[in-house]
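Spelled out from the first residue to the last, the chains are:
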Amino acid sequence: ADLEKRLLARLDSEKAAVDKCTVHRERVDGVVVVKFKKPSDAQDATKAWDGWDFGGRTLKSFFWDGVIDYTKPLAGTEELVEAEEAKRVESFGDWLEDQGELPPELQLRVES
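Residues numbered from 1 in each chain as written. Predicted model: local features only at pLDDT ≥ 70, side-chain atom pairs only at ≥ 80, totals over all residues. Heavy atoms only, no water.

**Q** Just give me the short version of the packing of aromatic side chains, but keep the residues and values in it.
**A** In total, this model carries two aromatic pairs according to the counting rule given. Measuring from centroid to centroid gives 5.4 Å for Trp49 and Trp52, while their planes differ by 40°, and the two rings are tilted. With relative accessibility at 23%, the residue Trp52 sits in the partly exposed group. Each ring, one from Phe92 and one from Trp95, has its centre 5.7 Å from the other, and the planes form 20°; the classification is stacked. In this pair, Phe92 and Trp95 both sit in helix 3 (residues 78-97), three residues apart, roughly one turn of the helix. (Phe/Tyr/Trp six-rings, centres within 6.5 Å; stacked < 30°, edge-to-face > 60°. Buried < 20%, exposed > 50% of the residue type's maximum accessible area, 1.4 Å probe, protein only. Helix = DSSP H or I, 4+ residues; strand = E, 2+ residues; numbered from the N terminus.)

What follows is the structure, given as structure tokens:
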């Protein structure tokens, strides 16, 4: 969420009208897809952002080729992605089980 907010803030400062911003967290190569309302904004952002340093990483900015499916993990990283997902699920399960500190109306109720 922080990455998305920072990117949107940068776009807003450049007066680019964004229709949608999607951070693909399942991709270890750091893919973010930005859909602009106007083609001219997309073209300007693509030129401005290519080679830009963002948090110590150099961005590559280009138009989508219409073929690559960014919703799937990068080839060769599937096991890493699955391990990270299992860790997140385990952490969420631990959080759910630790509901004792919440007021009764917010605690998880399980019917048997």
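**Q** Describe in detail the layout of surface pockets, supporting the description with residues and values.
**A** The space that makes up the largest pocket amounts to roughly 1,000 Å³. As for the largest pocket, its lining consists of 29 residues, of which Val31, Val32, Val33, Lys60 and Ser61 are closest to the centre. When contributions to the lining of the largest pocket are tallied by element, the ones reaching two or more residues are helix 1 (2-13), strand 2 (31-36), helix 2 (39-49) and strand 4 (57-58). The element contributing the most residues to the lining of the largest pocket is strand 2, with six residues. Broken down by class, the residue content of the lining of the largest pocket amounts to 18 nonpolar, five polar and six charged. (1 Å grid on protein atoms, 1.4 Å probe; cavity = no way out; pocket = protein on both sides within 12 Å on 5 of 7 lines; lining within 4 Å. Points joined across faces, edges and corners; volume = space filled by probe spheres on them. Nonpolar A, V, L, I, M, F, W, Y, C, P; charged D, E, K, R; others polar.)

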